[in-house]
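# Secondary and tertiary structure notes
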Amino acid sequence: MPMSSPLLRQLSGYGLTTAHILYRLPDHPFFLQTFIWQEYDLAPDFPELNQFLAFWRREIDGKLHSVRVAHKRLIGPAECRIAAAQFAYH
């Protein structure tokens with residue numbers, strides 16, 4: 001199993017991060033276009049997202065307007081309750 005598999009990343013604390021990116025069209029800067037980016041990332045620093053945004057600023061012509069981020073850890077601590085009683089039905 002490769003080290004970057006989604007399950008191993010989730011077990012390492014990564015969660016699913018979705019970024020809603022609004023950017024200006026290069027030819028028409030008064031118009032905004034939307035882009036959705038989704039990847040496993042580590043909150044609260046978001047290294048993967050910051051790397052992607054650095055790539056965007058360096059390589060893409062559309063200037064960033066705003067970025068909204070949602071993050072959810074998919075694997076968390078298990079919920080456990082102790083049963084106070086046990087009933088048997090025949």
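Located above this text is the structure these notes cover.
Just so it is clear, the model here is predicted, and its values are computed rather than measured. (Residues numbered from 1 in each chain as written. Predicted model: local features only at pLDDT ≥ 70, side-chain atom pairs only at ≥ 80, totals over all residues. Heavy atoms only, no water.)

### Thoughts on the overall build of the chain
Along its length, the chain carries two helices and three strands. Sorting the 90 residues of the chain into buried and exposed places 21% on the buried side. Expressed as a percentage of contacts within the chain between residues at least 6 apart in sequence, the contacts between residues at least 24 apart total 57%. About 7,500 Å² of surface is accessible on the chain, with carbon and sulfur atoms providing 57% of the total. (Helix = DSSP H or I, 4+ residues; strand = E, 2+ residues; numbered from the N terminus. Buried < 20%, exposed > 50% of the residue type's maximum accessible area, 1.4 Å probe, protein only. Contact = heavy atoms within 4.5 Å. Areas by Shrake-Rupley, 256 points an atom, 1.4 Å probe, with all protein chains shown as cover.)

### Description of the packing of aromatic side chains
Within the structure shown, the criterion is met by five aromatic pairs. Ring centres of Phe-35 and Phe-52 lie 6.0 Å apart, and the angle between their planes is 15°; this geometry places the pair in the stacked category. Highlighted residues: Phe-35 in strand β2 (residues 32-41) and Phe-52 in helix α2 (residues 47-59), separated in sequence by 17 residues. By relative accessible area, Phe-35 is classed as partly exposed at 33%. Here the aromatic cluster, defined as three or more aromatic residues joined through ring pairs, consists of Tyr-23, Phe-35, Trp-37, Phe-52 and Trp-56. We note Arg-9 situated over the ring of Tyr-14; from NZ or CZ to the ring centre the distance is 4.5 Å. (Phe/Tyr/Trp six-rings, centres within 6.5 Å; stacked < 30°, edge-to-face > 60°. Lys NZ or Arg CZ within 6 Å of the ring centre and 35° of its normal.)

### Here's the deal with the side chain of Asp-41
Checked against the element boundaries, Asp-41 lands in strand β2. For Asp-41, the side chain forms a polar contact with the main-chain nitrogen of Glu-48, separated by 3.1 Å. Not counting residues up to four positions away in its chain, the partners in contact with Asp-41 are Tyr-14, Gly-15, Thr-17, Phe-46, Pro-47, Glu-48, Leu-49 and His-71. (Polar contact = N/O pair within 3.5 Å; in protein donor to acceptor, adjacent residues only side chain to side chain.)

### Considerations on the pattern of salt bridges
A side chain with one charge may pair with a side chain of the opposite charge, provided their charged atoms come close. Within this structure, the stated rule accounts for three salt bridges. Among the ionic pairs, Glu-39 bridges to Arg-9, the shortest N-O distance being 3.6 Å. Taken together, the residues Glu-39 in strand β2 and Arg-9 in helix α1 (residues 6-11) connect sequence positions 30 residues apart. Take Arg-9: its relative accessible area is 15%, and that puts it in the buried class. Between Arg-9 and Glu-48 there is a salt bridge whose closest N-O contact spans 3.0 Å. (Salt bridge = Lys/Arg side-chain N within 4 Å of Asp/Glu carboxyl O.)

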